[in-house]
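Geometric and topological summary
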Amino acid sequence: MTLLTLHYHQQRRLLDLKFSDGTVQVLSAEFLRVHSPSAEVRGHGKPTLVANKRQVAIQRISAVGHYGVKLSFDDGHDTGLYHFSYLCQLAANQHDLWQQYLARLKAANASRDSLISTRIRL
């Protein structure tokens, strides 16, 4: 199965991965941010827990050759290079990876929610 196209829905903050067999997998911006392949997140053998990203959005998707994309997030993070094979792995293992992430947050007494409210109430 080959990844053919990516489509980002800004309002919902979801990235569609469309494959050659017609299937579509959907990954949230939050999921992609907390599973960034960057050294900042993956560390050198010990991954860093990324919290407080429930409201994060993708600002820009830049092609990198014919093998991946660079995702730039609105929290300033833009150092991860998402190879298409990595995106496929994330899609295939999304449920388990998400459950592991939630367990790590709970163990660290951390939250998905922002530390500071960015919504203005009138």
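Presented here is an overview of the structure given in this document. All of these numbers come straight from a predicted model, not from anything done at the bench.

**Remarks on the pattern of salt bridges**
Summed over the entire model, instances satisfying the criterion amount to 4 salt bridges. Here the residues in one salt-bridge network are Arg-33, Lys-53 and Asp-75, joined through shared partners.

**Observations concerning the nonpolar core**
With 27 residues, the main nonpolar core has Leu-17, Leu-32, Ile-58, Leu-71, Phe-73, Tyr-82 and Leu-87 as its most contacted residues. Sorting the residues of this core by element identifies β1 (3-9), β2 (14-19), α1 (29-34), β5 (68-73), α3 (84-92) and α4 (94-107) as the ones contributing at least two each. Beyond its immediate sequence surroundings of up to four residues, Phe-73 is in contact with Ala-29, Leu-32, Arg-33, Val-56, Ala-57, Ile-58, Gln-59 and Tyr-82.

**A few points about the pairing of β5**
Of all 6 residues in β5, 5 are buried; the element is thus mostly enclosed. Following strand β4 (residues 58-64), the chain reverses through 3 residues before pairing antiparallel with β5; Gly-65 in that reversal takes a positive phi of roughly 55°. Relative to strand β6 (residues 81-83), β5 is paired through 3 bridges, and the arrangement is antiparallel. Across the sheet, Lys-70 pairs through a bridge with Leu-81, a residue of β6.

Procedures and definitions
- Residues numbered from 1 in each chain as written.
- Predicted model: local features only at pLDDT ≥ 70, side-chain atom pairs only at ≥ 80, totals over all residues.
- Heavy atoms only, no water.
- Salt bridge = Lys/Arg side-chain N within 4 Å of Asp/Glu carboxyl O.
- Core = buried A, V, L, I, M, F, W, Y, C linked by side-chain atoms within 4.5 Å.
- Buried < 20%, exposed > 50% of the residue type's maximum accessible area, 1.4 Å probe, protein only.
- Helix = DSSP H or I, 4+ residues; strand = E, 2+ residues; numbered from the N terminus.
- Contact = heavy atoms within 4.5 Å.
- Pairing = 2+ DSSP bridges.

So yeah, pure geometry; function would need other evidence.
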